[in-house]
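Overview (structure and organization)
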Amino acid sequence: MQLIDGKATAARIKEEIAQEVEQIVEAGGKRPHLAAVLVGHDGGSETYVKNKVLACEACGFTSSLIRYEDNVTEEELLACVDRLNRDADVDGFIVQLPLPKHIDEQKIIEAIDYHKDVDGFHPVNVGRMAIGLPCFISATPLGIMTLLRRYGIETSGKKCVVLGRSNIVGKPMAQLMMQKEYGDATVTVCHSRSKNLKEECREADIIIAAIGRPDFVTADMVKEGAVIVDVGTTRVPDASRKSGYRLNGDVKFDEVAPHCSFITPVPGGVGPMTICSLMKNTLAAGKKEYYK
Ligand code: NAP
C-alpha cells in the first residue's frame, strides 16, 4: 500500500507556481491577484480562507480579503461581486461558501464574471468542463486528478465509483473521471438513494468518497488492490486535541488501507490539493490562459 501524500505534492506544486510567478514578474508581467470574500465568522470558513491567503503568499500572489458580518444583505454582496468583476487588478476571486440562509448562493455564484470564477462554480465553467473546453475546474476534483496523475495511477478503462453527487465535488469529479482527456474511466455515481452501493464499491478499481459520513467506507466494500481517495472531512469531537475535534474522512482508514494499492489520508490528502488547485486556477486567470 502506498500513501498518497497530498501535503507534499501540494507544497511542490506551490513552489512550481511561485517560480513561474517570479519569471512572469521579472519579464515585466503582473503578479496574479486573488480576492476572497468571507461572510460571518464560521470556524471552518475562517480556516479555509486563512489557508488560502497563506497559499497566495507562498505562490507569490497578491491577495485581498473582504469581510462582511452575517447580516450583510444580498444586495450588498452582489454589489461587492460587481466591484470585483470590474476591478482590473483582480484576476480571480472567490466567495467563501456556505453563505447565510437569507442569501441566495446560486444568485451570487451566477453574478461572478466567469472569467474570474477561479472556484469553477459558475454555470459557464461547469458547462465548458462538461464538454471538455478550457475553463476553471472546481478545485477539489482538479486536485484529485492532479494527485492521481502525479502518482502515475492508471485510470483509463478502470471502473471508478464516485460516492456523492454534490455540485462542488461528486458531479464534477464524475465528469472528469469519465472524460477522455482526464480520467477516461467507466464511472458510476452513488448517492443516498443508491440501492447497491456496497456491491458497486466492491467492483471498483478506484473509489472516490465524498459524502461527509465518517468511516462510511469499510474493508468489506473494497476490492483488493483498489485505489481509495477520501474527500470527506467531518469534524468529530476529540477530547485529546487542543481544538476539541479532529477531521475524520469517509473511509475507515485503518481497516481499509491494508487492502489498497494507493490511499489518501485525512488530513493531508485531498485537502491541501484543493487549495493548491485554487492557486493553479488563479495563475491561469492571471495569465488569461482560458479566456482572453
Ligand atoms: P454534500 O453537498 O453534503 O453532498 C454529500 C453527498 O453525499 C450527496 O450527494 C449525498 O446524497 C451523498 N450522501 C450522503 N450520505 C450518504 C450515504 N449514507 N450514502 C450515500 N451517499 C450519501 O457534501 P460535499 O460538499 O460534496 O462534501 C462531501 C465531503 O467532502 C464533506 O465531508 C466535505 O467536508 C468534504 N469536502 C472536502 C474538501 C477538501 O478539500 N478536502 C472539499 C470539499 C468537500 P444525496 O445527493 O442523495 O443527498
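We now turn to the structure provided with this report. (Residues numbered from 1 in each chain as written. Predicted model: local features only at pLDDT ≥ 70, side-chain atom pairs only at ≥ 80, totals over all residues. Heavy atoms only, no water.)

Once that is clear, we can look at the overall build of the protein chain. Within the protein chain, the regular secondary structure consists of ten helices and eleven strands. Scaling as 2.2 N^0.38, a compact globule of 292 residues should have a C-alpha radius of gyration of about 19 Å, and the protein chain matches this with 19 Å. On the principal axes, the C-alpha backbone points of the protein chain span a range of 55 × 40 × 35 Å. When each of the 292 residues of the protein chain is scored for burial, the buried share is 47%. (Helix = DSSP H or I, 4+ residues; strand = E, 2+ residues; numbered from the N terminus. Rg over C-alpha atoms; globule rule 2.2 N^0.38 Å. Buried < 20%, exposed > 50% of the residue type's maximum accessible area, 1.4 Å probe, protein only.)

For the rest of this paragraph, the subject is the site of the ligand. The environment of the ligand is formed by 21 residues, the closest being Arg-165, Ser-166, Ser-192, Thr-233 and Thr-274. Contact distances for the ligand include 3.2 Å between a nitrogen atom and a side-chain N or O atom of Arg-213. Separating an oxygen atom of the ligand from a side-chain N or O atom of Thr-274 is a distance of 2.7 Å. In the complex, the protein chains occlude 71% of the 930 Å² of accessible area that the ligand would expose alone. Here the shell around the ligand takes three residues from helix H10 (residues 270–286), the largest share from any one element. (Near = heavy atom within 4 Å. Polar contact = N/O pair within 3.5 Å; in protein donor to acceptor, adjacent residues only side chain to side chain. Areas by Shrake-Rupley, 256 points an atom, 1.4 Å probe, with all protein chains shown as cover.)

The next point concerns helix H2 (residues 43–59). The end-to-end C-alpha separation of H2 is 24 Å, in line with the 24 Å expected for 17 residues at 1.5 Å each. Buried residues of H2: Gly-44, Ser-45, Val-49, Lys-52, Ala-55, Cys-56 and Cys-59, and no others. Taken around the axis of H2, the buried residues stretch over an arc of 125°, which confines them to a single face. Set apart from the buried face of H2 by more than 90 degrees, the exposed residues are Lys-50 and Glu-57. Summarising the contacts, the buried residues of H2 are in contact with helix H1 (6–26), strand S2 (33–39), strand S3 (62–68), strand S4 (92–95), strand S9 (234–237) and H10. Where H2 begins, one side-chain oxygen reaches toward the backbone nitrogen of Gly-44, 3.2 Å away; that side chain belongs to Asp-42. Directly after H2, the chain includes Gly-60, whose backbone phi takes a positive value near 80°. (Expected span 1.5 Å × (residues − 1). Arc of directions from axis to C-beta. Contact = heavy atoms within 4.5 Å.)

Compared with an ideal rise of 1.5 Å per residue, which puts 21 residues at 30 Å, H1 spans 30 Å between its outermost C-alpha atoms and is within 8% of the ideal. The set of residues buried in H1 consists of Gly-6, Thr-9, Ala-10, Ile-13, Ile-17, Ala-18 and Val-21. Taken together, the buried residues of H1 touch H2, helix H6 (139–150) and H10. Phi turns positive, to about 95°, at Gly-28, one or two residues after H1.

Relative to the helices and strands, Thr-146 resides in helix H6. Among the residues examined, Thr-146 registers a relative accessible area of 18% and is labelled buried.

Ranked by size, the top nonpolar core spans 50 residues in total, and within it Ile-17, Phe-61, Ile-144, Met-177, Ile-208, Val-231 and Met-279 carry the most contacts. For this core, the element with the most residues is H10, which contributes nine residues. For Ile-144, the residues in contact, after removing those within four places along its chain, are Met-173, Ile-208, Val-229, Val-231 and Val-270. Membership of the second largest hydrophobic core comes to 18 residues, among which are Leu-197, Ala-204, Met-221 and Ala-226. (Core = buried A, V, L, I, M, F, W, Y, C linked by side-chain atoms within 4.5 Å.)

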